[in-house]
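Each chain, letter by letter, is given below.
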Amino acid sequence: MGGFILVRAIFALRAGAPAVPFEDVFLGVKFYGDHARVTMALQAIIFAAFAIGILMHKRWGLILALLYMAQVIIGHVIFIASNLGIDSQRIHVKIASIESPVVLLIALYIWYRGRPLLRHPSA
(Lines give C-alpha, C1' and ligand atoms only; values in the text may rest on other atoms or scores of the structure.)
Protein backbone atom coordinates (compact mmCIF):
# COMPACT_ATOMS: atom_id res chain seq x y z
CA MET A 1 0.00 0.00 0.00
CA GLY A 2 2.77 2.42 0.92
CA GLY A 3 4.53 1.62 -2.36
CA PHE A 4 1.37 2.32 -4.35
CA ILE A 5 0.87 5.66 -2.62
CA LEU A 6 4.51 6.57 -3.24
CA VAL A 7 4.21 5.72 -6.96
CA ARG A 8 0.96 7.68 -7.15
CA ALA A 9 2.63 10.69 -5.57
CA ILE A 10 5.75 10.58 -7.75
CA PHE A 11 3.99 10.03 -11.06
CA ALA A 12 0.96 12.22 -10.25
CA LEU A 13 -1.53 9.39 -10.76
CA ARG A 14 -4.95 10.54 -9.67
CA ALA A 15 -8.59 9.69 -9.88
CA GLY A 16 -10.83 12.26 -11.46
CA ALA A 17 -10.73 14.68 -14.34
CA PRO A 18 -7.35 15.83 -15.68
CA ALA A 19 -8.36 19.45 -15.07
CA VAL A 20 -8.56 18.81 -11.32
CA PRO A 21 -5.20 19.60 -9.68
CA PHE A 22 -3.42 16.90 -7.68
CA GLU A 23 -4.29 17.43 -4.00
CA ASP A 24 -3.47 15.96 -0.61
CA VAL A 25 -4.37 16.81 2.98
CA PHE A 26 -1.69 16.59 5.64
CA LEU A 27 -2.19 17.82 9.22
CA GLY A 28 -5.51 19.31 8.18
CA VAL A 29 -3.98 21.52 5.47
CA LYS A 30 -4.84 20.95 1.82
CA PHE A 31 -1.88 20.95 -0.58
CA TYR A 32 -1.98 21.12 -4.39
CA GLY A 33 0.40 20.19 -7.20
CA ASP A 34 4.04 19.52 -6.31
CA HIS A 35 3.49 20.26 -2.63
CA ALA A 36 0.76 17.62 -2.59
CA ARG A 37 3.13 15.10 -4.18
CA VAL A 38 5.74 15.77 -1.48
CA THR A 39 3.25 15.39 1.38
CA MET A 40 1.78 12.24 -0.15
CA ALA A 41 5.25 10.74 -0.67
CA LEU A 42 6.11 11.55 2.96
CA GLN A 43 2.94 9.85 4.16
CA ALA A 44 3.66 6.82 1.95
CA ILE A 45 7.14 6.46 3.44
CA ILE A 46 5.74 6.72 6.98
CA PHE A 47 3.01 4.19 6.12
CA ALA A 48 5.53 1.71 4.69
CA ALA A 49 7.85 2.18 7.68
CA PHE A 50 5.22 1.42 10.30
CA ALA A 51 3.86 -1.46 8.23
CA ILE A 52 7.32 -3.04 8.14
CA GLY A 53 7.75 -2.39 11.88
CA ILE A 54 4.40 -3.99 12.71
CA LEU A 55 5.07 -7.01 10.50
CA MET A 56 8.41 -7.47 12.27
CA HIS A 57 6.63 -7.16 15.66
CA LYS A 58 8.73 -4.15 16.64
CA ARG A 59 7.61 -1.65 19.23
CA TRP A 60 8.74 1.33 17.12
CA GLY A 61 6.40 0.23 14.32
CA LEU A 62 3.42 0.28 16.64
CA ILE A 63 4.41 3.65 18.11
CA LEU A 64 4.89 5.10 14.62
CA ALA A 65 1.46 3.73 13.57
CA LEU A 66 -0.20 5.28 16.62
CA LEU A 67 1.52 8.62 15.99
CA TYR A 68 0.44 8.54 12.35
CA MET A 69 -3.16 7.75 13.34
CA ALA A 70 -3.06 10.63 15.85
CA GLN A 71 -1.89 12.91 13.01
CA VAL A 72 -4.80 11.71 10.86
CA ILE A 73 -7.34 12.33 13.63
CA ILE A 74 -5.92 15.77 14.44
CA GLY A 75 -5.77 16.55 10.72
CA HIS A 76 -9.44 15.68 10.33
CA VAL A 77 -10.38 17.95 13.24
CA ILE A 78 -8.28 20.84 11.87
CA PHE A 79 -9.64 20.37 8.35
CA ILE A 80 -13.26 20.25 9.49
CA ALA A 81 -12.88 23.26 11.80
CA SER A 82 -11.06 25.41 9.25
CA ASN A 83 -13.34 24.59 6.30
CA LEU A 84 -16.70 24.37 8.04
CA GLY A 85 -18.07 27.65 6.69
CA ILE A 86 -16.65 27.41 3.17
CA ASP A 87 -19.30 26.39 0.64
CA SER A 88 -16.83 25.00 -1.91
CA GLN A 89 -15.45 22.62 0.74
CA ARG A 90 -18.82 21.49 2.09
CA ILE A 91 -18.68 18.01 0.51
CA HIS A 92 -15.09 17.49 1.69
CA VAL A 93 -16.03 18.52 5.22
CA LYS A 94 -18.95 16.08 5.09
CA ILE A 95 -16.65 13.26 3.92
CA ALA A 96 -14.08 14.07 6.63
CA SER A 97 -16.78 14.10 9.31
CA ILE A 98 -18.02 10.69 8.15
CA GLU A 99 -14.46 9.29 8.07
CA SER A 100 -13.48 10.62 11.50
CA PRO A 101 -15.28 8.03 13.68
CA VAL A 102 -13.90 5.21 11.51
CA VAL A 103 -10.35 6.56 11.79
CA LEU A 104 -10.77 6.87 15.55
CA LEU A 105 -11.99 3.27 15.78
CA ILE A 106 -8.99 2.07 13.75
CA ALA A 107 -6.62 3.99 16.04
CA LEU A 108 -8.29 2.54 19.13
CA TYR A 109 -8.09 -0.96 17.64
CA ILE A 110 -4.35 -0.55 16.92
CA TRP A 111 -3.80 0.70 20.47
CA TYR A 112 -5.90 -2.09 22.01
CA ARG A 113 -4.22 -4.88 20.04
CA GLY A 114 -0.77 -3.39 20.67
CA ARG A 115 -1.06 -2.95 24.44
CA PRO A 116 1.08 -6.00 25.28
CA LEU A 117 3.87 -4.76 23.00
CA LEU A 118 3.61 -1.25 24.45
CA ARG A 119 3.80 -2.58 28.01
CA HIS A 120 6.49 -5.19 27.45
CA PRO A 121 8.83 -4.32 24.54
CA SER A 122 10.38 -7.78 24.52
CA ALA A 123 6.99 -9.52 24.09
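The model shown is predicted, which means the values in this text are computed figures rather than measured ones.

S.K.: Before we move on, could you go through the overall build of the protein and cite the residues and values that matter?
M.R.: Counting secondary structure elements, the protein contains four helices and two strands. Listed by position from the N terminus, the elements making up the protein come as α-β-β-α-α-α. Buried positions account for 30% of the 123 residues belonging to the protein. Put simply, 48% of the contacts in the protein that link residues at least 6 apart link residues at least 24 apart. If you sum the accessible surface of the protein, you get close to 8100 Å²; carbon and sulfur atoms cover 73% of it.

S.K.: Would you mind going over the packing of aromatic side chains in detail, with residue names and values included?
M.R.: This model, assessed by the stated rule, comprises two aromatic pairs. Aromatic side chains Phe 50 and Tyr 68 sit 5.7 Å apart centroid to centroid with 40 degrees between the ring planes, which places their arrangement in the tilted category. Taken together, the residues span a long stretch of sequence, with Phe 50 in helix 2 (residues 33-55) and Tyr 68 in helix 3 (residues 59-83) at a distance of 18 residues. Comparing Phe 50 with Tyr 68, the two get one shared label, buried. Here the aromatic residues Phe 47, Phe 50 and Tyr 68 are joined through ring pairs into a cluster of three or more. Geometry around Trp 111 places Arg 115 over its ring, the cationic atom sitting 5.7 Å from the centre.

S.K.: Can you lay out the pairing of strand 2 (residues 29-32) for me, pointing to particular residues and giving the numbers?
M.R.: Two elements, strand 1 (residues 23-26) and strand 2, share four bridges in a ladder whose sense is antiparallel. Bridge assignment links Val 25 to a residue of strand 2, and that residue is Lys 30. Hairpin geometry of strand 1 and strand 2 is characterised by an intervening segment of two residues between the two adjacent antiparallel strands and by a positive phi of about 55 degrees at Leu 27.

S.K.: An account of the pattern of salt bridges is needed here, citing residue identities and associated values.
M.R.: Throughout the structure, instances matching the rule amount to three salt bridges. A salt bridge links Glu 23 to Lys 30; its shortest N-O distance comes to 3.6 Å. Ionic pairing is found between Asp 34 and Arg 37, a salt bridge with its closest N-O pair at 2.5 Å. Of the two residues, Asp 34 and Arg 37 are both situated in helix 2; the distance of three residues between them amounts to about one turn of the helix. The exposed category is assigned to Asp 34, whose relative accessible area is 58%.

Criteria and cut-off values
- Residues numbered from 1 in each chain as written.
- Predicted model: local features only at pLDDT ≥ 70, side-chain atom pairs only at ≥ 80, totals over all residues.
- Heavy atoms only, no water.
- Helix = DSSP H or I, 4+ residues; strand = E, 2+ residues; numbered from the N terminus.
- Buried < 20%, exposed > 50% of the residue type's maximum accessible area, 1.4 Å probe, protein only.
- Contact = heavy atoms within 4.5 Å.
- Areas by Shrake-Rupley, 256 points an atom, 1.4 Å probe, with all protein chains shown as cover.
- Phe/Tyr/Trp six-rings, centres within 6.5 Å; stacked < 30°, edge-to-face > 60°.
- Lys NZ or Arg CZ within 6 Å of the ring centre and 35° of its normal.
- Pairing = 2+ DSSP bridges.
- Salt bridge = Lys/Arg side-chain N within 4 Å of Asp/Glu carboxyl O.

Scope: geometric values only; no functional claims are made or implied.
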